[in-house]
Amino acid sequence: MFKHAIVRNVARKFQDGITSCNLGKPDYNKAVIQHSDYIKALKKCGLRIFQLNADEKFPDSTFVEDTTIVNKDVAIITNLGVTSRKGEELEIKKVLERFYDNIEYIKNPGTLEGGDILKVENQYYIGLSKRTNKEGAKQLTEILEKYDYSCSTIQLVNFLHLKTGVAYIGDNNLIVSGELIDNPIFKKCNIIRVDYDEGYAANCIRVNKYVLIAKDFKRLKNSISNLGYKILEIDMSEFRKMDGGLSCLSIRF
Ligand code: GLY
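First, a word on what this report is: a plain description of the structure on this page. A quick note: this is a predicted structure, and the numbers were derived from the prediction, not measured.

Cut-offs and rules
Residues numbered from 1 in each chain as written. Predicted model: local features only at pLDDT ≥ 70, side-chain atom pairs only at ≥ 80, totals over all residues. Heavy atoms only, no water. Pairing = 2+ DSSP bridges. Helix = DSSP H or I, 4+ residues; strand = E, 2+ residues; numbered from the N terminus. Axes fitted to C-alpha atoms, helices over the stretch in contact; angles between N-to-C directions. Near = heavy atom within 4 Å. Polar contact = N/O pair within 3.5 Å; in protein donor to acceptor, adjacent residues only side chain to side chain. Areas by Shrake-Rupley, 256 points an atom, 1.4 Å probe, with all protein chains shown as cover. Phe/Tyr/Trp six-rings, centres within 6.5 Å; stacked < 30°, edge-to-face > 60°. Buried < 20%, exposed > 50% of the residue type's maximum accessible area, 1.4 Å probe, protein only. Right-handed = clockwise from strand over helix to strand, strands pointing away.

1. Quick word on the sheet that holds strand β6 (residues 117-120)
Moving on, step 1. Taking strand neighbours across the sheet as the criterion, the three strands line up as β6-β7-β8 in an open arrangement whose pairing is mixed. Looking at the sheet topology across the chains shown, the edges are occupied by β6 and β8 (150-155). Here the average twist between neighbouring strands, direction ignored, is 25°.
Moving on, step 2. Note: strand β7 (residues 123-128) against β8, six bridges, orientation parallel. Across the sheet, residue Leu128 finds its bridge partner in β8, namely Gln155.

2. What about the site of the ligand?
Moving on, step 1. Taken together, the residues surrounding the ligand are Ile18, Asp60, Phe63, Arg85, Arg131 and Met242.
Moving on, step 2. The separation between a nitrogen atom of the ligand and a polar main-chain atom of Ile18 is 2.7 Å.
Moving on, step 3. Measuring from an oxygen atom of the ligand, one finds a side-chain N or O atom of Arg85 at 2.7 Å.
Moving on, step 4. Coverage of the ligand by the protein chains reaches 98% of its 190 Å² of free accessible surface.

3. Focus: the packing of aromatic side chains
The way to describe two aromatic rings as a pair is by their centre distance and the angle between their planes.
Moving on, step 1. Summed over the entire model, instances satisfying the criterion amount to nine aromatic pairs.
Moving on, step 2. Both rings, one in Phe14 and one in Phe63, keep their centres 5.8 Å apart while their planes meet at 55°; by these two values the pair is tilted. With Phe14 in the loop between β1 (4-8) and α1 (28-44) and Phe63 in the loop between β2 (48-52) and β3 (68-70), the pair connects residues that are 49 residues apart, well separated along the chain.
Moving on, step 3. Of the residues examined, Phe63 reaches a relative accessible area of 4% and is grouped as buried.
Moving on, step 4. Taken together, a centroid distance of 5.4 Å and an interplanar angle of 80° make the contact between Tyr124 and Tyr149 edge-to-face. Taken together, the residues span a long stretch of sequence, with Tyr124 in strand β7 and Tyr149 in the loop between α3 (134-146) and β8 at a distance of 25 residues. Accessibility assignment for this pair places Tyr124 and Tyr149 in one class, buried.
Moving on, step 5. An aromatic cluster is defined as three or more aromatic residues linked by ring pairs; in this entry it consists of Phe50, Phe99, Tyr100 and Phe253.

4. Some remarks on the sheet that holds strand β9 (residues 166-168)
Moving on, step 1. On the basis of which strands lie adjacent, the open sheet formed by three strands has the order β9-β10-β11 and mixed pairing. The outermost strands of the open sheet, each flanked by one partner alone, are β9 and β11 (190-193). When strand polarity is set aside, the average angle formed by the axes of neighbouring strands in this sheet is 25°.
Moving on, step 2. For strand β10 (residues 173-176) and β11, the ladder comprises four bridges, and the chain directions are parallel. Looking at the pairing, Val176 lines up with Arg193 of β11.

5. Here we look at the pairing of strand β13 (residues 210-214)
Moving on, step 1. Burial analysis of β13 places five of its five residues in the buried class, which makes it a mostly covered element.
Moving on, step 2. The pairing of strand β12 (residues 205-207) with β13 spans three bridges and is classified as antiparallel. In the sheet register, Arg206 faces β13, and the bridge partner there is Val211.
Moving on, step 3. Hairpin connection, β12 to β13: the antiparallel pair is bridged by two residues, and Asn208 has positive phi, about 55°.
Moving on, step 4. Remark: the β13/helix α4 (residues 218-226)/strand β14 (residues 230-234) crossover connection has right-handed handedness.

Below is the structure:
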């Protein structure tokens, strides 16, 4: 069970962040409303929220997940793989220090972002991407193995992050899309395939009794619902424009 979530308010300069999408500029006011709805959903899941102020130095800083890997044993501060985001982790670390005695770090020349890290029970999958390099993956593996977790790497081709295309929702159920469909590394899981045109929705999150899913992706919603999960839908239109998904917007622990 998760008890806490860290989120960070949307910066006014959000639209100046990094994106590969051609969906237009995000609307700040709409993004603020969607962020607020997201927080309400996390509260409904039973989480206590640590809501950080927006940081105008970092347009992408609402995507807090990239700054850390947390589990019941350890918090690991990442080394973000793009210059414009380096430093986002400092405020997050201050919150995590209240909960973790043992904080570890990914260090240069290793780079690693939380969006590339998928946890399936005691197994971690690390996406090798433009943001997470082999050295970052090696350092994370060494840290996690000390706490008896196993790690494997997956080379990404097009996805920004590993969790762009895969989500674990518990009970051995894995939601998989795009280039990750049919990857044999996931063969022991019960695979829920996401249709190409619903690929964005693959980034969903299980939070206690609920699965949060992006709004308006009916087929994936039905597939998850048919497995017996309770669903909360969130309108993510403005975050999608900046390559962000549901997992990116919080650190859950
Ligand atoms: N816009 C989120 C990222 O590129 O990291």
